[in-house]
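# Coordinates in review
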Amino acid sequence: MGLLSKKDVALIKDPLADNNPITIQVLGICSALAITAELEAAIVMSVSVLFVLGIGNVVISLMRNIIPSKIRIIVQLIVVAALVIIVDQVLKAFAYELSKTLSVFVGLIITNCIIMGRFEAFALANGPWRSFLDGIGNSLGYGVILIIVAFFRELLGAGTLLGIKVLGDPIEKTGVYQYGYENNGFMLLAPMALVVVGIIIWIQRSRNKALIED
Amino acid sequence: MSKKTDSNIYTILFAIIMVIVVGGVLAFTASALRPRIDNNERLEKQQNILYAMGVNANDESSAIFVSTDEAPELFSKYITKQLVIQGDDVTEDSEAYLIDVKKEQTSAKAGNKRRLPLFVGTKDGKTFYIAPIRGKGLWDAIWAYVALDANMVVQGAYFDHKGETAGLGANIKQRYFMDDFIGEDLMSNGSFKGITVAKGNNDPKNIDKNDNEVDAIAGATITGDGVSAMLKSELRQYVPYFKTLK
């Protein structure tokens, strides 16, 4: 047996597709709607969640036998809030520029239900190593959807990707804009994120019949 | 697993210990890092002020500050005077840039006379008057450093925000938005009018600099309205001082 057993690999692979936190578990939808107007923001958020969920899952897993079940949700909240605040403070002191980019996401991470969801569903019942892998897997699954949604929203809504004008300049009328193409400003608003997520769920379920409920 | 963790005494004890430990760790981190964070914030203010008057390391499309190492030196080189305006009194104060605009706004609401900081900079023989201002966006505070000439025509601006939506309102700190303000006149026919972040603007390339309007960001209506309101209410207070310059 190598570093990762078959079960361990499944912990990382499942959330990427068949047990995706956004499209199947429907966790973390709020942030998926809020910050996918731009590809860069989606990537930053994905990396932040990867970090917080990976460490948070380990911490909760280590504490799983001493946490009183009556107040476990509050304990989970405190752990994730403390983690995020410490990271934010350290970044402010040592990587100020980076912290400016991330500060917008701090509140979104603390209240992200994907984090509470994984604490509650996995870390409370499993060992630290498996919890760590589960955290990594789920945040990757979350990140993949975020990046797909952001890709389409930024491309169709603003005509850019990572801020680069890939479709030409809409004001100077270059690139595709000279043929009468217009950006769809509606793509930048939250409802369209929901529609894009819906389309992804539709495609995923039509390809995998096992996911279809009666 | 034993059920000892279900008892009330255990729960209460756990909660108390948890709060003390987490509180202690957070308090320790915050106070240990405070001096560094304060220093970073001070340097950032200098970078922002310099940015507004055109001392920056911008490339073609993104906004880049001068480096933190150079900031203090450049700040003392380009900023020739720092003024504090309080009613008709104008005093010089070399630490005026550390005045907390938010505190001044609150104390002005309580009936005190507000202290308005204004930084005078010179670059290539041109004089800039840079005002720090603060307002409300959609979620949280927004603020700006606006560099004006003696006639209240914008020469440069730097916008920032605490928590506007990434990709929408957060784009007020993008070059394409900030650069639109350059050359815009805050006055109209001799009276103060401000600059409106306008939707359905028929001047998207922003060629007309006397229309008191810049083009809004799609999907960021409330942040844009916040920017308009901030420019109007805050810069208006500087008008009496600018009148004395003529």
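Below, the structure is looked at part by part. Note that the structure is predicted; figures quoted are calculated from it, not measured.

Reading the values: rules and limits
Residues numbered from 1 in each chain as written. Chains lettered and ligands numbered in written order. Predicted model: local features only at pLDDT ≥ 70, side-chain atom pairs only at ≥ 80, totals over all residues. Helix = DSSP H or I, 4+ residues; strand = E, 2+ residues; numbered from the N terminus. Contact = placed C-beta atoms within 7 Å. Buried ≥ 20, exposed ≤ 12 C-beta atoms within 10 Å, placed from the backbone. Pairing = 2+ DSSP bridges. Axes fitted to C-alpha atoms, helices over the stretch in contact; angles between N-to-C directions. Parallel < 35°, antiparallel > 145°, perpendicular 65-115°, else oblique. Left-handed = near helix turned anticlockwise from the far one by under 90°. Nonpolar A, V, L, I, M, F, W, Y, C, P; charged D, E, K, R; others polar.

### Concerning the overall build of chain A
Check the secondary structure of chain A and you find eight helices and two strands. In sequence order, chain A lays out its α and β elements as α-α-α-α-α-α-α-β-β-α. Principal-axis analysis of the C-alpha atoms places the extent of chain A at approximately 65 × 50 × 35 Å. Across chain A, every contact between residues at least 6 apart in sequence was considered, and the portion connecting residues at least 24 apart equals 77%.

### Details of the overall build of chain B
Of the regular secondary structure elements, chain B holds six helices and ten strands. In terms of its C-alpha atoms, chain B occupies a principal-axis envelope of roughly 80 × 45 × 40 Å. Every one of the 246 residues in chain B was classed for burial, and the buried ones make up 34%. Within chain B, residue pairs in contact and separated by at least 24 positions form 55% of the contacts whose partners lie at least 6 positions apart.

### Considering the pairing of strand β2 (residues 89-92) of chain B
Pairing of strand β1 (residues 79-86) of chain B with β2(B), which is carried by four bridges, proceeds in the antiparallel orientation. When the sheet's bridge partners are listed, B:Q86 is paired in β2(B) with B:D89.

### Section: the packing of helix α4 (residues 72-94) of chain A against helix α5 (residues 96-110) of chain A
Residue and element names in this part refer to chain A. Taken N-terminus to C-terminus, the directions of α4 and α5 make an angle of 165°; their axes are 9 Å apart at the nearest point. Comparing the axis directions of α4 and α5 gives the class roughly antiparallel. Crossing hand, α4 versus α5: left-handed. The segment α4 lies against α5, with V80, A81, V84, D88, L91 and K92 engaging Y96, L98, S99, L102, S103, V106, I109 and I110. Grouping the amino acids of the contact of α4 with α5 by side-chain chemistry returns ten nonpolar, two polar and two charged.

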